[in-house]
Amino acid sequence: METRTLNTIQKLMKAGGIISTLIQVLCTIGIVGCVIGIVSLYVFPANQAVQLCSMAIHQMIHVEIEKLSFSSYITAMLMGLIICSLEVNLARSARKYFRNELKAGTPFTFEGVEELKRLGIRIIVLPIVAVIIANIVHKSMCYYFKDVATMHINSFVVGRAGLLCIFLSCIYKYGAELVEKK
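In this report, the structure presented in the accompanying data block is examined. Everything quoted here is computed from the prediction, not taken from an experiment. (Residues numbered from 1 in each chain as written. Predicted model: local features only at pLDDT ≥ 70, side-chain atom pairs only at ≥ 80, totals over all residues. Heavy atoms only, no water.)

**Observations concerning the overall build of the protein**
Link 1 in the chain: Looking only at helices and strands, the protein features five helices and two strands.
Link 2 in the chain: Moving toward the C terminus, one meets the helices and strands of the protein in the order α-α-β-α-α-β-α.
Link 3 in the chain: Counting only contacts in the protein whose residues sit at least 6 apart along the sequence, the fraction spanning at least 24 positions is 78%.
Link 4 in the chain: Split by element, the accessible area of the protein, about 11200 Å² in all, is 68% carbon and sulfur. (Helix = DSSP H or I, 4+ residues; strand = E, 2+ residues; numbered from the N terminus. Contact = heavy atoms within 4.5 Å. Areas by Shrake-Rupley, 256 points an atom, 1.4 Å probe, with all protein chains shown as cover.)

**A look at the packing of helix H3 (residues 70-104) against helix H4 (residues 110-144)**
In helix packing, the relevant descriptors are the interaxial angle and the interaxial distance, both defined with respect to the helix axes.
Link 1 in the chain: Two elements in contact, H3 and H4, have axes separated by 10 Å at closest approach and are oriented at 175 degrees. Classified by the angle between their axes, H3 and H4 sit roughly antiparallel to one another.
Link 2 in the chain: For the contact of H3 with H4, the residue count by class is 19 nonpolar, seven polar and three charged. (Axes fitted to C-alpha atoms, helices over the stretch in contact; angles between N-to-C directions. Parallel < 35°, antiparallel > 145°, perpendicular 65-115°, else oblique. Nonpolar A, V, L, I, M, F, W, Y, C, P; charged D, E, K, R; others polar.)

**So, the packing of H4 against helix H5 (residues 159-181)**
Link 1 in the chain: One way to put it is that H4 packs onto H5 with a least axis distance of 8 Å and a crossing angle of 170 degrees. Accordingly, the angle class assigned to the pair H4 and H5 is roughly antiparallel.
Link 2 in the chain: Looking at the contact of H4 with H5, its residues break down into 13 nonpolar, four polar and four charged.

**Some details on the packing of aromatic side chains**
What describes a pair of aromatic rings is the distance from one ring centre to the other and the angle between the planes of the rings.
Link 1 in the chain: Counted under the stated rule, the structure contains three aromatic pairs.
Link 2 in the chain: Relative to Tyr172, the ring of Phe108 has its centre 5.6 Å away and its plane inclined at 85 degrees; by these criteria the two rings are edge-to-face. Pair noted here: Phe108 is in the loop between H3 and H4 and Tyr172 is in helix H5, with a separation of 64 residues, a long-range link.
Link 3 in the chain: We classify Tyr172 as buried; its relative accessible area is 11%.
Link 4 in the chain: Seen from their ring centres, Tyr143 and Tyr144 are 5.1 Å apart, and the 85 degrees between their planes marks the pair as edge-to-face. (Phe/Tyr/Trp six-rings, centres within 6.5 Å; stacked < 30°, edge-to-face > 60°. Buried < 20%, exposed > 50% of the residue type's maximum accessible area, 1.4 Å probe, protein only.)

In structure tokens:
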């Protein structure tokens, strides 16, 4: 039985799938950009490589671009690589959820509820893990190279989105229980 509300939910799920695919593609481009940035530091003359890397770094990490050394650029690109890899992972998980929900035709399935809850937990935990790993990389580089600049990762507010997914999974579970009773 299709209702106007279910049609709206399905359209939102379709939009979510498109957005998560777009995020996955853009973050994959970010990964490639970081790798190209690292390689370009070794291939191009210093001033050209610095201009290429500066554009990418400034979007992800707070640091004064003018004061970066060679090892600082490498560190920033490695940190960016970690963050983009995490985002690709999360976007892939979200896309999988949206695809499975559209296949089921309703968010009120027990499988979908569990998948949404797992997605919420991942949205909360993985960014924390990525920041920890990126900071370990930064501290390690600071240990080996004395001229690495201080860097701070732009923290994205995803914890709330994870809590929202977990909250929605509870509501969807109740809906799944009602559907099962019929």
